[in-house]
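Structure at a glance
Here is how the chains run, residue by residue.
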Amino acid sequence: MPLEVFLVQCLNAVQYGLLLFLLASGLTLIFGIMGVINLAHGSFYMLGAYMAFVLAPHFGQNFLVMLLAGVLIAAAFGFVLEWAFFSYLYQREHLQQVLMTWALILVFEELRSLSVGNDVHGVKVPDWLAGSVPLGTLMTYPVYRLFASAACIAVAIGLYVVVNRTRLGMMIRAGASNRDMARGLGVDIRRLYRIVFAGGVALAALAGMIAAPLSSVYPNMGSGVLIICFVVVVIGGIGSITGALLASLLVGFVDTFGKVLPVFSQYAGVGVYLLMAVILILRPEGLLARRGT
Amino acid sequence: MANAKTAWLVPVAGAVALGLLPLVVTTYGQDLVMRIMVFAVFALSLELLVGTTGLVSLGHAAFFGIGAYITVLLSPASEAGSVWLLLPLAMLAAAAYALVVGALSLRTKGIYFIMVTLAFGQMAYFVFHDTPVGRGTDGIFLNLRPVLELGSAALDLGDRMHRYYLTLAALAATYALLALVLRSRFGRALAGIKVNEQRMRAAGFPTYPYKLAAFVLAGALAGLAGFLLAAKDAAANPELLSWHESGVVLLMIILGGLGHLRGAVIGAAAFTLLRELYGTYSIVGPLADHWQLTLGFTVIAFVALLPQGLIGLPARLRTARG
C-alpha cells in the first residue's frame, strides 16, 4: 500500500472513530450511570442528521451556528424525553427497558417518516469547508473530513474537562462508579440523570449533524450505527469514557482497514465483531472496566 | 392459576385447536398460523436460554438462519430432498455452531454475554451475506420442498396441508420436549443457575457444562425452526441471521412473559398477529402505512401495564376487578 493511501486511510479511520466516540460516550454514560440499555440511542443520531438537513438551508454558511442550535434543540428534546419517558424505566428490569426503547425506535422512525418523508437526502458541505488539501503529490483530502475530526476532538476535550474538572463531572464520575453511594452522599440523582441523558442525546445528535454531509441522510440510519456503538461501549468497558475513546479509535481502524486490505476486504463486516469477541474472551469486562459496581 | 394435575390440558387443547384450524380458515390464515408456529418453535428455543437459565442471547438468529440455509443448500436442485436427511443436518449444523459460540461466550456474563453472542451472530450473518456460500443479499431459493417418506406413504411439504401439520407436530414436539426438560434434574439445575449461580457451584454443580448443554440444545431447536421456515418459504436469506431477527424473537418472549413455555408461544402469536393487523389496510385503514407507530405504542403500553408479560394478563384483570 503506497504511503499516501495509507495516510488517507489513517485519517479516515480516525475521523470515523471520533464520530463513533461522540455517540458512544453518551451511550456509555447513560448505560453506566443510569443502568438503562437504551436502544433508541441510534435514533438520536438520525435526529441529528435530519436536523442538519432541515436546518442547513436556513443557516447558509453559518455551519457552526447551526451545529450549536442543533445541539441545544437536541439537549432540550433529551431533557423532555427523560422527564416524560425514561425516568419511568429506571425501576424496570433490563429486558423490559430493551423492549420499551425498541418500541421507541419504531415510534421515532414513523414520526420521521410523517414529518420529513422516506426519501434519501444529501446535505451540502458549506463553501468554506468544501475544498480539499493536497496530500503528497498524488492524493488530496477533503477539508470537511478534517473539520469533522477537529470538531470531534474539540468536543472530546470539552467532555474531558467537564468530566474531570468540574463539580458536575465529579458527580457524574461518582454516579458511574457507584450509583447508590453517590445518592447516599447527597447527590441529586434525578437531576444528574436528566442532565446526563440530555447531554447524551445532544452528543449523538451532534454526531449525526457532523456525519450528515459525509454520508447521506436516510431512513433507519440509526439502527446500523446503534450496534457498532454498543460494541464500542462494551469493548471500552461500560461507564468508562476513556475506554470508549480507545475502543472507538480501535473500531475505526479495524473497520476502515478491513475494507481496503486485499484478501480480507470480502469479510470486512466481520472484522469489528471478531475484534470484540477476541477482546471480551481475553478481558471479559472490556478494556477499561470500572472498579466496583 | 391452573393446578399441576390439569396444567397439561391447556397446551394439549391448544394443539388440538391448531390441528382443527385449517378446516375453518383460508389459505392466507393457514400461512399466517404456520408462520406463528415456526416463530413459536424459535421463541421456545430462546426461552430455554433466557427464561429458564437466565442467559440473554442476542445472537440466536444465527442458529435459526443456519438451519434454514443448510436446508436450502443441501436440497438437490432437480428433485425433492428428504426430511429424514435435511432436518437432522439442519439441527446438527446449528448445534455445532452453538457448541463453538457457547463454549467461548459462556466465559462472560450479563451484558458482556449479550454482546459476545451478538458478535458471533453477526459473524455468521456476514459469512452468508458477503461470501459466495450464501449467494449474497438476495439469498437462495428452494426449487422443490423436501419430502418425508413414511414407509409407503409420503408427506410432501410441497402441499400446504402436509406442511401445516409437520410444522404443528414440530411445535408440539418442541413444547413437550422442553416441558420434560424443565421437569428433569437438568432443568432444575438450569433454574437454579438462573436464581443463583454461585450457590449452585457451591452445591457441587459444575455450572459451565450445564449452561453449555442448554446453549447447544437451544441452538439445535432454533435450527429446527430454521428448517421449518425454509420449508415454508422455500427460501433462505441473510436477514434471517441478522441481529434484528435475534431482537425480534427476544421481544416475543419478553412480550409473552418470561419463565413460562406458554409465554413464548403467546408472545410469538401476539407479535406476529399485531404486526399483521397493523399492516393490513382493510382493517386499520390508512393507519396501515404507519404500522410502526401503532406497534410501537402498543408494545410500550403492554410493557408499562403488564410487567409480567401477556401471561400476567388474567391475574392483572382479577386484581383490577377486586
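Residues numbered from 1 in each chain as written. Chains lettered and ligands numbered in written order. Predicted model: local features only at pLDDT ≥ 70, side-chain atom pairs only at ≥ 80, totals over all residues.

**Details of the overall build of chain A**
Applied cut-off: In this description a helix means any DSSP run of H or I spanning at least four residues, a strand means any run of E spanning at least two, and both kinds are numbered starting from the N terminus. Using C-alpha atoms as the atom set, the radius of gyration is obtained and then compared with a globule rule of 2.2 Å times the number of residues to the power 0.38. With C-beta atoms placed from the backbone, a residue is labelled by how many other C-beta atoms lie within 10 Å of its own: buried for 20 or more, exposed for 12 or fewer, partly exposed between the two. A pair of residues counts as a contact when their C-beta atoms, built from backbone coordinates, are separated by no more than 7 Å.
The helix and strand tally for chain A stands at 11 helices and 2 strands. For chain A, the N- to C-terminal ordering of α and β elements is α-α-α-α-β-β-α-α-α-α-α-α-α. Taking 2.2 N^0.38 as the reference for a compact globule, 293 residues should give roughly 19 Å; the C-alpha atoms of chain A span a radius of gyration of 19 Å, in line with that estimate. Dimensions of chain A along its principal axes, counting C-alpha atoms only, are 60 × 50 × 35 Å. The buried share of chain A, taken over its 293 residues, is 48%. In chain A, the share of contacts with a sequence separation of at least 24, taken over all contacts with a separation of at least 6, comes to 78%.

**Notes on the overall build of chain B**
Along the backbone of chain B there are 14 helices and 4 strands. Whereas a compact globule of 322 residues would reach a radius of gyration of roughly 20 Å, chain B reaches 20 Å, a difference of no more than 12%. Counting only C-alpha atoms and orienting by the principal axes, one finds that chain B spans roughly 55 × 45 × 45 Å. A sequence separation of at least 24 residues applies to 75% of the contacts in chain B between residues at least 6 apart.

**Quick word on the interface of chain A and chain B**
Definition in use: Residues were grouped as follows: Ala, Val, Leu, Ile, Met, Phe, Trp, Tyr, Cys and Pro as nonpolar; Asp, Glu, Lys and Arg as charged; and all remaining residues, including Gly, as polar.
The interface of chain A with chain B comprises 28 residues on the first partner and 30 residues on the second. Looking at the side of chain A that touches chain B, the elements that each hand over two or more residues are helix 4 (94-116), helix 9 (221-236) and helix 11 (268-282) of chain A. Sort the elements by how many residues they give to the side of chain A that touches chain B and helix 4 of chain A lands first, with 11 residues. When the residues that make up the side of chain A that touches chain B are grouped by side-chain class, the tally is 22 nonpolar, 3 polar and 3 charged.

**Things to note about the nonpolar core**
Here is the rule we go by: The nonpolar core is taken to be a set of buried Ala, Val, Leu, Ile, Met, Phe, Trp, Tyr and Cys residues joined by way of C-beta atoms within 7 Å.
The biggest cluster of nonpolar side chains holds 205 residues, and the ones touching the most others in it are Met276(A), Ala40(B) and Val41(B). Of all the elements, helix 1 (residues 3-34) of chain A adds the most residues to this core, at 16 residues. Among residues more than four places away in sequence, those in contact with Val41(B) are Ala170(B), Leu171(B), Thr174(B), Leu221(B), Leu224(B), Ala225(B) and Leu228(B).

**What about the pairing of strand 1 (residues 132-135) of chain A?**
Residue and element names in this part refer to chain A. The line we're drawing: In short, DSSP must find at least two bridges between two strands for them to pair.
Looking at chain direction, strand 1 and strand 2 (residues 139-142) are connected through 4 bridges and run antiparallel. If you follow Leu-135 over to strand 2, its bridge partner there is Met-139. Remark: 3 residues form the turn of the hairpin made by strand 1 and strand 2, two consecutive strands paired antiparallel; Gly-136 in that turn has positive phi of roughly 70°.

**Focus on the confidence of the model for chain B**
Convention followed: Predictor confidence is given residue by residue as pLDDT, running from a minimum of 0 to a maximum of 100.
Of the residues in chain B, 98% have a pLDDT of 70 or more, and the chain-wide mean is 87. For this predicted complex, the interface score ipTM comes out at 0.76, alongside a pTM of 0.84.

**Details of helix 6 (residues 160-183) of chain B**
Helical geometry: 3.6 residues make up each α-helical turn, so side chains three or four residues apart lie on a common side. Residue and element names in this part refer to chain B. Note the cut-off: Take the number of residues in a helix, subtract one, and multiply by 1.5 Å to get its expected span.
Compared with an ideal rise of 1.5 Å per residue, which puts 24 residues at 34 Å, helix 6 spans 35 Å between its outermost C-alpha atoms and is within 8% of the ideal. Taken together, the buried positions of helix 6 are Arg-163, Tyr-164, Leu-166, Thr-167, Ala-170, Leu-171, Thr-174, Tyr-175 and Leu-178. At its buried positions, helix 6 is contacted by helix 1 (9-20), helix 2 (27-53), strand 2 (147-150), strand 3 (153-156), helix 9 (207-233) and helix 11 (261-278).

**What to know about the packing of helix 3 (residues 61-74) of chain B against helix 4 (residues 83-105) of chain B**
Packed helices, taken two at a time, are described by the angle their axes make and the gap between the axes. All names here are of chain B. Our working definition: Fitted lines through C-alpha atoms give the axes, limited to the stretch in contact for helices. The angle between two N-to-C directions lies from 0 to 180 degrees. Oblique is the label for any angle not covered by the other classes, which are roughly parallel (under 35 degrees), roughly antiparallel (over 145) and roughly perpendicular (65 to 115). By definition, turning the near helix anticlockwise from the far helix through less than a right angle yields a left-handed crossing, and turning it clockwise yields a right-handed one.
Packing of helix 3 against helix 4 leaves a shortest axis separation of 8 Å and a crossing angle of 140°. Of the possible angle classes, the one that applies to helix 3 and helix 4 is oblique. The two elements helix 3 and helix 4 cross, and the hand of that crossing is right-handed. Of the residues in helix 4, those in contact with Ala-62, Phe-63, Ile-66, Gly-67, Ile-70, Thr-71 and Leu-74 of helix 3 are Leu-86, Leu-89, Ala-90, Met-91, Ala-93, Ala-94, Tyr-97 and Ala-98.

**Some thoughts on unusual backbone geometry**
Residue and element names in this part refer to chain A. The phi angle at Asn-220 is positive, at roughly 65°, despite the residue not being glycine. With respect to the helices and strands, Asn-220 occurs in the loop between helix 8 (189-211) and helix 9. For Asn-220, a count of 13 C-beta atoms within 10 Å corresponds to the partly exposed category.

**Quick notes on the environment of Ala189(B)**
Residue and element names in this part refer to chain B. In this fold, Ala-189 is placed in helix 7 (residues 185-195). Judged by local crowding, Ala-189 falls into the buried class, with 20 C-beta atoms found within 10 Å. In the structure, Ala-189 is positioned 29 residues away from Ala-218 in sequence and 16 Å away in space, judged by C-alpha atoms. If near-sequence neighbours (up to four positions away) are discounted, Ala-189 is found in contact with Met-200, Phe-205 and Tyr-210.

**Considerations on the environment of Met209(A)**
Residue and element names in this part refer to chain A. Following the sequence through the fold, Met-209 ends up in helix 8. Between the C-alpha atom of Met-209 and that of Val-143, which follows or precedes it by 66 residues, the distance is 16 Å. Apart from residues no more than four positions distant in its own chain, Met-209 is found in contact with Gly-48, Ala-49, Met-51, Ala-52, Leu-67 and Gly-70.

**Brief notes about the packing of helix 4 of chain A against helix 10 (residues 243-256) of chain B**
The contact between helix 4 of chain A and helix 10 of chain B brings their axes to 10 Å, and the two run at 115°. Here the hand of the crossing between helix 4 of chain A and helix 10 of chain B comes out left-handed. On helix 10 of chain B, the residues touching Leu95(A), Gln96(A), Leu99(A) and Trp102(A) of helix 4 of chain A are Gly247(B), Leu251(B), Ile254(B) and Leu255(B). Taken together, the residues of the contact of helix 4 of chain A with helix 10 of chain B break down into 6 nonpolar, 2 polar and no charged.

**Notes on the environment of Val272(A)**
Residues and elements named next belong to chain A. By the element assignment, Val-272 lies in helix 11. Exposure remark for Val-272: the 24 C-beta atoms within 10 Å place this residue in the buried category. C-alpha separation for the pair Val-272 and Phe-253, spaced 19 residues apart in sequence, amounts to 9.4 Å. Ignoring sequence-local partners within four residues, the contact set of Val-272 consists of Ile-228, Val-231, Val-251, Val-254 and Asp-255.

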